[in-house]
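Residue strings, one per chain:
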Amino acid sequence: MEASTASSFSEEASQQKKPSFDGWRFSYYFEYVQRKENNLTVKCTLCPGRKLLSTSFNSTSNLKKHLQRQHGHIKLVAKRQSDMNEQPHKQQKLSFEHKVLPTSKSEINKLVASYVVEEMLPLSTVESLSFRKIICKIQIAGTDQPFLDRKTFAMYIDKCYAMMESELKKTFETIEYVSTTADIWTCHNKSYIGMTAHWIDPSNFHREKAALACKRIKGRHTYDIVATEIEQVHSSYGLSEKVTATVTDNGSNFVKAFREYEPKPAAASDSEDEGSGEDEEVSFTDVQEVLSTEQDPGHFTLPPHLRCASHTLNLISTVDIEKWLTVTNKTIYRSATAKCSALWTKASRSTVAAELVQSLCGKKLVVPTVTRWNSFHNAVARITEISIPQLTTLCSQLGVRAFSEREYKFLVEYCTVTKPLTKALDRLQGENDCYYGNLLPTLESLMSKTLALRPGLSEMMAKLPDVIVQAIKTRFASVLESREGLLAAVTLPKFKLRWLREETRREALKTLLITECHASPLAAPHNEEHEVRPSQISPASSSSEDDFFVFEEEQDSGFFGPDKEVMEYLKSGSEMGVLENFPRIKNLSLKYNTAPASSAPVERLFSLGSLVLTPRRNRLGDKRFERLLLMRYNHYFDE
């Protein structure tokens, strides 16, 4: 009885006693698994897999031998006794509550204005009950509340518009070259003339833009009215002397306006003939009469005019190509396009037909629209993506006459020939990277790619590439050899002279660039960088017999002459940043590449206008509409 009591007591003592493993300095290389009587089972964390080891309750010799034999090549770090005795820190309780700071009234007003303008919502939004509930949940500093009615909100919008207009004027004061685009838009029986401004940031060569006006014009859109409105917008922003060119479409009123109000060349001063002995008749004018006479309100000039390249290419695809097709392939052209029109009509007017097209072809048909360039090509291309068996099944189920193989081949070849034209048109509609210098290289590449398609065409479409190239040469006759277009292209580092194939044209353009660099203000003879100072002149020798001769010291000023600058530029890279090393060429590039190649930016302004001037907001005032639209286009509240 006493023996059993002693044994049980010893077991309890051994259970209360800590094992040697717990105080061992290398115990953290093992994981405790279980205890069986006086032995411990652990797992080595350094061994791959699940390898279990056994050690005595009062000894760690087996574990030491394991570390020496199996992991002797590893530098083992002993754990300090202080770290082993240290109690684990209690986990800190995280608080997810944060103090909401009150928002100032001015910040709330700006956020509300940004929301209404950017989302093109009516001004009455600030009076809606649901909107007021949202505002009431916002903690606002002070006792003043944000807009309570649309009249107060309208006054705030007017104030912001005045600030935006003032900031634009300050920006234009620091810019040397600006270009504009203009067009006329009609919506809800109202006509508006829209204008946008474009310039290049000299520091990073990024293209910048801003909407200038979307003014209501009444009456007929005659050329004199158009010219007056454009001049008024230029004058209001102080751009009359800074605009390098204005881009418009090919409308006759715009073309005549710029032709009638273009700058007249300075009249040559009268000079006396050497062999003439006759006295000139002197006439006198009353100065008071001249000053009292009212100035002619139409006495002004407009900047140089550039026609929209995208609109011109669209005329080639819709007018010139269609004219040739109706003469040479009249029957097949009309029958194929008539069947395409029948499919478009069915798919756009019937939901059952649209669902049938989706189920049979796996895609929807594209319906062409007059206002979207390339839409006819894209619509025909979508039809040609459908195989003939599927197209025949679709036509039979929709009750449309099926396409013959010749008609289908005609449509395929039509899309093949006009595809380069559509790509060029899309490229020229860009804004961020589409400089005016992109125009001539794009046209040259377009003509070469179009002519390269001739060998793969059938007899009915074999002459179409020549028709397109001839139409390009005719409609762009004034641009292909224009001095401004050539200089714009050669001063873009990504083009330079690479886009010209003939060596004679390359040499002629290089000569033109050198001539322009000589005429650049940086090449003036009295420029500080190139001016020869007296300290730069020294006698060639100290002897008295050579004192008569003096020469200029050869010094490396770090500046190139015009000829060398052009040669070094043509050897440089294709990034826009290389222009920083060539000041004359940089100035020419900023001047001639400011204008965009098309008037697409002002068309995008009108697209936004149709979202602002909706049928439900047809009572919106002209001034209010213009201000809301310009602030939305310029993203004034996002800056």
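Residues numbered from 1 in each chain as written. Predicted model: local features only at pLDDT ≥ 70, side-chain atom pairs only at ≥ 80, totals over all residues. Heavy atoms only, no water.

Trainee: Please clarify how the packing of aromatic side chains should be interpreted in this entry.
Mentor: Two aromatic rings are characterised by how far apart their centres lie and by the angle between their planes. According to the stated counting rule, one finds 14 aromatic pairs in the structure shown. Seen in terms of ring centroids, Phe172 and Tyr237 are 6.1 Å apart; in terms of plane orientation they differ by 80°. Their pairing is edge-to-face. Linking Phe172 in helix 6 (residues 150-173) with Tyr237 in the loop between helix 7 (223-236) and strand 7 (243-248), this pair joins segments that are 65 residues apart in sequence. Note on Tyr237: relative accessible area 6%, which makes it buried. The interplanar angle of 80° and the centroid separation of 6.0 Å between the aromatic rings of Trp344 and Phe376 together place this pair among those described as edge-to-face. Taken as a pair, Trp344 in helix 11 (residues 330-349) and Phe376 in helix 13 (residues 375-384) lie far apart in primary sequence, 32 residues in all. Residue classification places Trp344 among the buried residues on the basis of a relative accessible area of 6%. Judged by its relative accessible area of 30%, Phe376 falls in the partly exposed class. (Phe/Tyr/Trp six-rings, centres within 6.5 Å; stacked < 30°, edge-to-face > 60°. Helix = DSSP H or I, 4+ residues; strand = E, 2+ residues; numbered from the N terminus. Buried < 20%, exposed > 50% of the residue type's maximum accessible area, 1.4 Å probe, protein only.)

Trainee: Sorry if this is basic, but what is going on with the sheet that holds strand 8 (residues 305-307) here?
Mentor: Picture the strands of a sheet paired through backbone hydrogen bonds; they go either parallel or antiparallel. The strand order across the open sheet built from 5 strands is 6-5-4-7-8, with neighbouring strands paired in mixed fashion. The open sheet is flanked by strand 6 (207-217) and strand 8, the only strands paired with a single partner. When strand polarity is set aside, the average angle formed by the axes of neighbouring strands in this sheet is 25°. When strand 4 (residues 178-187) meets strand 5 (residues 190-200), the two strands line up antiparallel, connected through 9 bridges. Looking at the pairing, Asp183 lines up with Gly194 of strand 5. (Pairing = 2+ DSSP bridges. Axes fitted to C-alpha atoms, helices over the stretch in contact; angles between N-to-C directions.)

Trainee: Looking at this structure, I do not really get the pairing of strand 1 (residues 30-36). What am I missing?
Mentor: Bridge count between strand 1 and strand 2 (residues 39-44): 6 bridges; the pairing is antiparallel. Across the sheet, the residue bridging to Lys36 is Asn39, located in strand 2.

Trainee: Hey, could you run me through helix 16 (residues 439-451) in this one?
Mentor: Side chains of residues three or four places apart in an α-helix project in the same direction, reflecting 3.6 residues per turn. For helix 16, spanning 13 residues, the distance from its first C-alpha to its last is 19 Å, which sits close to the expected 18 Å at 1.5 Å a residue. Among the residues of helix 16, Leu439, Leu440, Pro441, Thr442, Leu443, Glu444, Leu446, Met447 and Thr450 are the ones counted as buried. Contacts made by the buried residues of helix 16 are with helix 10 (309-328), helix 15 (405-428), helix 17 (464-475), helix 18 (477-480), helix 19 (483-490) and helix 20 (503-519). (Expected span 1.5 Å × (residues − 1). Contact = heavy atoms within 4.5 Å.)

Trainee: Would you mind going over the packing of helix 20 against helix 22 (residues 583-592) with me for this structure?
Mentor: Each pair of packed helices gets described by two things: the angle between the helix axes and the distance between those axes. Two numbers describe how helix 20 lies on helix 22: the axes approach to 9 Å, and their chain directions differ by 100°. With respect to each other, helix 20 and helix 22 are oriented roughly perpendicular. Counted together, Leu513, Glu516 and Cys517 of helix 20 and Arg584, Ile585, Leu588 and Tyr592 of helix 22 form the full contact between these two elements. (Parallel < 35°, antiparallel > 145°, perpendicular 65-115°, else oblique.)

Trainee: Looking at this structure, I do not really get the side chain of Thr41. What am I missing?
Mentor: With respect to the element layout, Thr41 can be found in strand 2. By relative accessible area, which is 17% here, Thr41 ends up buried. Setting aside chain neighbours within four positions, we find Thr41 in contact with Glu31, Tyr32, Val33, Gln34, Leu52 and Leu53.

Trainee: Got a minute to help me understand the nonpolar core in this structure?
Mentor: Note that soluble globular proteins tend to have their nonpolar side chains buried in a common cluster. If you look at the biggest cluster of nonpolar residues, it comprises 91 residues, and the most contacted ones within it are Leu313, Leu343, Phe410 and Phe476. Ranked by residue count, the leading element in this core is helix 15, at 10 residues. Apart from the residues within four sequence positions on either side, Leu313 is in contact with Leu421, Ala424, Leu425, Leu428, Leu443, Leu446 and Phe476. In this structure, Tyr192, Cys214, Tyr261 and Val612 belong to the second largest nonpolar core, which totals 66 residues. (Core = buried A, V, L, I, M, F, W, Y, C linked by side-chain atoms within 4.5 Å.)

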